[in-house]
Amino acid sequence: MLDKIKINAHHYHLSDNTKAFIQEKLSKIDTLGHYIVDGEFLVNHETHHFKVEITLHFPRRHFIHLHEKNQHLYPAIETLVSKLKPKIAEYKDKLKDHHGHPHHNEDSHTH
């Protein structure tokens with residue numbers, strides 16, 4: 001999964017340590033790695049806080065998009081990843097329920 005997700009930043013320089021931290025957190029939820037088409041983990045440094053976002057694209061135009069804001073970067077990353085775990089579980093359950101049949105253009109989308 002990690003090779004399919006780009007880690008980027010706006011208005012902030014990501015250190016190697018921060019990239020490694022993000023990769024380590026994402027590696028713990030690598031249960032749908034073979035289903036992920038591509039994705040992006042984005043770190044934005046805004047005026048008084050960090051905003052971290054993740055978008056994962058799956059086959060059949062399905063996707064998960066989540067974001068988290070916090071004054072501190074690492075807690076924002078941890079919270080975002082903890083929100084992502086149940087969303088991935090939901091998607092995994094949806095795949096089991098439909099036994100691989102098309103999903104009538106439903107999107108797994110969360111703000």
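Above this note sits the structure.
One structure accompanies this document, and this report is about it. A quick note: this is a predicted structure, and the numbers were derived from the prediction, not measured.

1. What to know about the overall build of the protein
Then, in step 1: A count of helices and strands for the protein gives two helices and four strands.
Then, in step 2: Burial status across the protein gives 41% buried among its 111 residues.
Then, in step 3: In the protein, the proportion of contacts linking residues at least 24 apart, taken out of those at least 6 apart, comes to 53%.

2. Quick word on the sheet that holds strand β3 (residues 50–57)
Then, in step 1: Overall, mixed pairing links the four strands, which are arranged β1-β2-β3-β4 in an open sheet. Sheet topology places β1 (5–10) and β4 (63–70) at the edges, where each strand pairs with a single neighbour. Pairwise comparison of adjacent strand axes, ignoring direction, gives a mean angle of 10 degrees for this sheet.
Then, in step 2: Of the strand pairs in this sheet, β1 and strand β2 (residues 38–45) are connected by six bridges, and their pairing is parallel. Bridged to Ile7 within β2 is Phe41.
Then, in step 3: Its contacts with the sheet place helix α1 (residues 16–27) against β1, β2 and β3, and it is angled at close to 140 degrees to β1.

Analysis parameters
- Residues numbered from 1 in each chain as written.
- Predicted model: local features only at pLDDT ≥ 70, side-chain atom pairs only at ≥ 80, totals over all residues.
- Heavy atoms only, no water.
- Helix = DSSP H or I, 4+ residues; strand = E, 2+ residues; numbered from the N terminus.
- Buried < 20%, exposed > 50% of the residue type's maximum accessible area, 1.4 Å probe, protein only.
- Contact = heavy atoms within 4.5 Å.
- Pairing = 2+ DSSP bridges.
- Axes fitted to C-alpha atoms, helices over the stretch in contact; angles between N-to-C directions.

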